[in-house]
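Listed below, chain by chain, are the residues.
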Amino acid sequence: GAKRLEGNYGNVWVEYIALTMKHNALNLGQGFPDFAPPDYVTKALVEAVTGPNVLLNQYTRGYGHPRLVNAIAKLFSKLHDRPVDPMTNVLVTAGAYESLFCCFQGFINPGDEVIIIEPFFDCYEPMTRAAGGTPVFVPLRPSKPGSLMTSAEWKLDPAELESKFSRKTKALVINTPNNPLGKVFTREELEMIANLCKKYNVLVFADEVYEWLLYDGHKHTRIATLPGMWDRTLTISSAGKTFSVTGWKLGWTVAPDHLMKHVSAFHQNCVYTCATPIQEAAAVGFELELGRLDSPDCYFLELPAMLQPKRDLLAAQLQEVGMLPVTPDGGYFMVADFSHLGVETGDDSDEPKDCKFVKWLIREKKFATIPTSAFYSKEHKSVAENYIRFCFIKEDSTLRRAGDILKEWK
Ligand code: PMP
Ligand code: GLN
């Protein structure tokens, strides 16, 4: 195999999805809804495939289906409060994953450093390494470990963050709302990060796939909208998260022309063009939502309103059995400290404690979650050893079954 693959063969999803299937476990692991997406997008997909415009079953424009990039540009011009050109500022990709991959490949040279805030969506590390770069990690630290917290109580130390910047730093990756913690970075926190990126002339890869999923009135600040940041930011989103269709694997990047040309070149040389009917259906979805962005019927507002009680139900159930959930302000995951349960897994391997506990849960209780240490670098896995991650974009009945399993061994 190629040298750049060294250390990048396994990953948490491959391992834990296989285990979940093997034991046919109740699945609060990998993040996806177990309920239907809005019917207008699924109907639009059927119409795209079987309707009168048979060309919708054929290749479309490589950088993005015209109807979709037009809709995304219209929406993001509003969100970014500046003109976003559909032809030069939007690139459609095979999920946010491919957008991320093209960003790393488009900008990172061997020897470059990439600052990654922990906990982080796991693929940032192998993607940095595959491009020849070196990841440099900086953790969000809990202000009162061992007690009930909200995700807002996990913070960066500004001096520690600044100490990670050097002449080699090429990019910083930020994920807000964050997976797995659910932290929604405040405007002040983002300003602090943005000021350092400007001071050290660093690009920002802004993974904002959970941009609509905000609870308790929290607001999503787009780092690209802060003064001087448009020119150095690539913003990444996902139709999978936006319309609850993770299996459609459709994402996009919004960026200024001078940055986009490098990302587009990479896309053109690997995927070239994404599935046309899927893009058509997402375009129909955006066109509908664009007409009702401020109304409670807008799916972008309806979905978080539906998820907040699910978050609260899961948190209450976890607390009832003696776990300490960290209440997320955004996203659809929750981490919880399980260390007080005192479970003996009988596993004496040298894996982190959370991995042993999750494997035990899947094997013995038929209940799947994800170990939080997967979202930390090798050096810092011990920071996360007492936490596991739950996904709560599930039917209430699924969440209740999870609660019943937990109560059984209390
Ligand atoms: N970034 C984050 C933070 C995610 O949680 C996910 C979920 N898979 C992705 C990127 C990738 O999204 P997609 O499924 O659109 O590739
Ligand atoms: N974003 C989802 C999660 O964190 C899916 C991850 C994946 O499929 N790689 O669970």
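If you're wondering where the values come from, they're calculated on a predicted model, not measured in any experiment. (Residues numbered from 1 in each chain as written. Chains lettered and ligands numbered in written order. Predicted model: local features only at pLDDT ≥ 70, side-chain atom pairs only at ≥ 80, totals over all residues.)

Moving on, we come to the site of ligand 2. Around ligand 2 sit W13, Q30, G31 and N179, and that is every residue in its neighbourhood. Looking at the shell around ligand 2 residue by residue, the classes come out as one nonpolar, three polar and no charged. (Near = placed C-beta within 6 Å. Nonpolar A, V, L, I, M, F, W, Y, C, P; charged D, E, K, R; others polar.)

So, about the sheet that holds strand β2 (residues 90-93). Here seven strands make up an open sheet; going across it, the order is β2-β11-β10-β9-β8-β3-β4 and the pairing mixed. Of all the strands in the sheet, the pair left with one neighbour each is β2 and β4 (134-139). When the angles between neighbouring strand axes are averaged without regard to direction, this sheet yields 20°. Bridge count for strand β3 (residues 113-118) against strand β8 (residues 169-175) is four bridges, and the pairing is parallel. Along β8, the bridge assignment pairs E113 with T169. Here helix α9 (residues 257-268) sits on the sheet and contacts β2, β10 (233-238) and β11 (251-254); the angle it forms with β2, its principal contact strand, is near 25°. (Pairing = 2+ DSSP bridges. Helix = DSSP H or I, 4+ residues; strand = E, 2+ residues; numbered from the N terminus. Axes fitted to C-alpha atoms, helices over the stretch in contact; angles between N-to-C directions. Contact = placed C-beta atoms within 7 Å.)

A few words now on the environment of A282. Take A282: it is sitting in helix α10 (residues 276-290). Assessed through the 29 C-beta atoms surrounding it within 10 Å, A282 is described here as buried. Sequence separation between A282 and L68 is 214 residues; the distance between their C-alpha atoms is 6.8 Å. Discounting chain neighbours no more than four positions away, the residues touching A282 are L68, A239, F243 and L250. (Buried ≥ 20, exposed ≤ 12 C-beta atoms within 10 Å, placed from the backbone.)

The strand order β6-β12-β13-β16-β15 describes an open sheet built from five strands, whose pairing is mixed. At either margin of the open sheet sits one strand with a lone partner, and together these are β6 (149-150) and β15 (370-371). The sheet contact formed by β15 and strand β16 (residues 387-391) spans two bridges and is antiparallel. Looking across to β16, one finds that I370 is bridged to R389.

Let us look at the site of ligand 1. If you check the shell around ligand 1, you find 14 residues, and the closest are G95, A96, Y97, F121 and S238. Top element by residues in the shell around ligand 1 is helix α4 (residues 95-107). It accounts for three residues. Looking at side-chain class alone, the shell around ligand 1 contains four nonpolar, eight polar and two charged residues.

Another point: the pairing of β3. By the criterion of burial, β3 is predominantly enclosed, with six of the six residues buried. Of the two faces of β3, the one holding E113, I115 and I117 and the one holding V114, I116 and E118 are both buried throughout. In the sheet, β3 pairs with β4 via six bridges, with the strands oriented parallel. Its bridge partner lying in β4, V114 is registered against P135.

Functional significance is not addressed by these values, which are geometric in nature.
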